[in-house]
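# Coordinate inspection notes
Take a look at the letters that make up each chain.
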Amino acid sequence: MRVGGAPRPPGARWQPPEAVRPLFDLFSPKGELPDFVISRRTEIGAAIDELATIPATRMRTELMTAFQGRPRATWLHGLAAGECSARAILLRGVEAGYRALVEPKWAEIASAAHTDLAHRGRILLREGLARAIASLPSTVGHRGQVVDVDSPVDRGVPVDYGLVFAPSCLLPGTLVITASPGEPVTVVYPAPVAILRARTGRPTTDSLSALLGSRRAAVLRAAAVPRGTTELAAQAGISLSSASEHASALRNAGLIMTTRAGRKVLHTATELADSLMAACDPPLVAAR
């Protein structure tokens, strides 16, 4: 899977934590990573648990393919052979990388992702799937049950069990995470808000959070597509009781409509909320 080559952090003085350095060995000379490194899990603990259980035979196959049978680093030979010590190096590196590079900026990353998803959700509701796909900042299209991605590795990908789009604040281009049997394919694309922030070197202004508060704004953005209270809580990264409280306040303000679908209660942003979010999220347009 190609992700644009090994990362080159700005500034010559930047040094990754010692435990992270082996991960750079995973990039092949063509800038590709073995697929087993990429996870669809949204929690670091779940991602590491998944990585810990990947069969050694799969790791060996993908490493041999990426490096044409000749991995450069000794520990990668151990990983391909199923050695526990090599697997431990991988798991430590992933967790250390997350703790050092992602976790300190997680609130900012989550805000950018929620802003982008709210924008795509409004397009999906108003204009349909084709327009929502066309609005992505990467070259992605679809033909029936196949998604087309402008990538030298992933082009026509079958999506028989659905398609999940996920904005990323870390990747410079599109990445396709192929699915296990019975699971949807995930297309990860660069979030425009994150791109703009990286280009300007300044944080973008989150007017909606300034107006409503960060948690309430996250709940409203999550409701850009119909969601149950549990889903709102998960999307906003807050407790179930807090999500229920914020949804009630937003409903009283005319920003969320709550309906019942069978036994499930769904919360959906109203047209007033759409207008408010569109007015408060101009960076999404500016970043294109």
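Refer to the structure above for everything that follows.
Let me begin by describing the structure that accompanies this report. This structure is a prediction, so every number in the text was calculated from the model and none was measured. (Residues numbered from 1 in each chain as written. Predicted model: local features only at pLDDT ≥ 70, side-chain atom pairs only at ≥ 80, totals over all residues. Heavy atoms only, no water.)

### Structural notes on the overall build of the protein
On a plain count of helices and strands, the protein comes out with 13 helices and eight strands. Relative to its full complement of 288 residues, the protein shows a buried share of 43%. Surface accessibility of the protein: about 15,200 Å² in total, with carbon and sulfur atoms responsible for 55%. (Helix = DSSP H or I, 4+ residues; strand = E, 2+ residues; numbered from the N terminus. Buried < 20%, exposed > 50% of the residue type's maximum accessible area, 1.4 Å probe, protein only. Areas by Shrake-Rupley, 256 points an atom, 1.4 Å probe, with all protein chains shown as cover.)

### Description of empty space enclosed by the protein
Inspection of the entire model under this criterion finds one cavity of 30 Å³ or more. Estimates place the volume of the largest cavity at around 30 Å³. Together, His114, Leu117, Ala118, Arg221, Ala222, Ala224, Arg227 and Gln235 line the largest cavity. Where the lining of the largest cavity is concerned, the elements lending two or more residues are helix H5 (106-127) and helix H9 (214-222). With three residues, the single largest contributor to the lining of the largest cavity is H5. Class assignment of the residues belonging to the lining of the largest cavity gives a composition of four nonpolar, two polar and two charged. (1 Å grid on protein atoms, 1.4 Å probe; cavity = no way out; pocket = protein on both sides within 12 Å on 5 of 7 lines; lining within 4 Å. Points joined across faces, edges and corners; volume = space filled by probe spheres on them. Nonpolar A, V, L, I, M, F, W, Y, C, P; charged D, E, K, R; others polar.)

### Here's the deal with the sheet that holds strand E6 (residues 185-190)
Read from one edge to the other, the open sheet built from three strands follows the order E4-E6-E5, with strand pairing classed as mixed. The open sheet has two edge strands with one neighbour each: strand E4 (163-168) and strand E5 (175-177). Averaged over all adjacent pairs, the angle separating strand axes in this sheet is 25 degrees, with direction ignored. In this structure, E4 lies alongside E6, joined through six bridges in parallel fashion. By the bridge assignment for E6, Ser168 is matched with Pro190. (Pairing = 2+ DSSP bridges. Axes fitted to C-alpha atoms, helices over the stretch in contact; angles between N-to-C directions.)

### Quick word on the packing of helix H1 (residues 44-52) against helix H4 (residues 84-102)
Contact pair H1 / H4: the axes reach a minimum separation of 10 Å and the direction vectors enclose 165 degrees. Between H1 and H4, the interaxial angle falls into the category roughly antiparallel. When the axes of H1 and H4 are compared, the crossing they make is right-handed. On the side of H1, the interface is formed by Ile44, Ile48, Leu51 and Ala52, while H4 contributes Arg87, Leu90, Leu91, Val94, Glu95, Tyr98 and Arg99. Its residues placed into classes, the contact of H1 with H4 shows eight nonpolar, no polar and three charged. (Parallel < 35°, antiparallel > 145°, perpendicular 65-115°, else oblique. Left-handed = near helix turned anticlockwise from the far one by under 90°. Contact = heavy atoms within 4.5 Å.)

### Remarks on helix H2 (residues 56-66)
Buried within H2 are the following residues: Met59, Glu62, Leu63 and Ala66. Summarising the axial view, the buried residues of H2 lie within an arc of 100 degrees, below the 170-degree limit, and thus occupy one face. In this structure, the buried residues of H2 make contact with H1, helix H3 (74-80) and H4. (Arc of directions from axis to C-beta.)

### Observations concerning the packing of helix H10 (residues 229-236) against helix H11 (residues 240-252)
When two helices pack together, their arrangement is given by the angle between their axes and by how far apart the axes lie. One can describe the packing of H10 onto H11 by two numbers: an axis separation of 8 Å at closest approach and a directional angle of 105 degrees. By the angle class used here, H10 and H11 are roughly perpendicular. Two secondary-structure elements touch here, H10 through Thr229, Thr230, Leu232 and Ala233 and H11 through Leu240, Ala243, Ser244 and Ala247. Grouping the amino acids of the contact of H10 with H11 by side-chain chemistry returns five nonpolar, three polar and no charged.

### As for the environment of Cys84
Considering the arrangement of structural elements, one finds Cys84 in helix H4. Given a relative accessible area of 67%, Cys84 falls into the exposed group. In the structure, Cys84 is positioned 28 residues away from Ala56 in sequence and 9.9 Å away in space, judged by C-alpha atoms.

### Things to note about the nonpolar core
Across soluble globular proteins, nonpolar side chains show a tendency to be buried alongside one another. The biggest cluster of nonpolar side chains holds 30 residues, and the ones touching the most others in it are Leu26, Phe36, Leu63, Trp75, Leu76, Leu79 and Leu90. If you list the elements that add at least two residues to this core, you get H1, H2, H3, H4 and E5. If near-sequence neighbours (up to four positions away) are discounted, Trp75 is found in contact with Pro22, Asp25, Leu26, Ala86, Ile89 and Leu90. In this structure, Ala218, Ala236, Ala247 and Leu255 belong to the second largest nonpolar core, which totals 22 residues. (Core = buried A, V, L, I, M, F, W, Y, C linked by side-chain atoms within 4.5 Å.)

### What about the pairing of E6?
Of all the six residues making up E6, six are buried; the element is thus mostly covered by neighbouring parts of the structure. Pairing of E5 with E6, which is carried by three bridges, proceeds in the antiparallel orientation. By the bridge assignment for E6, Val176 is matched with Val187.

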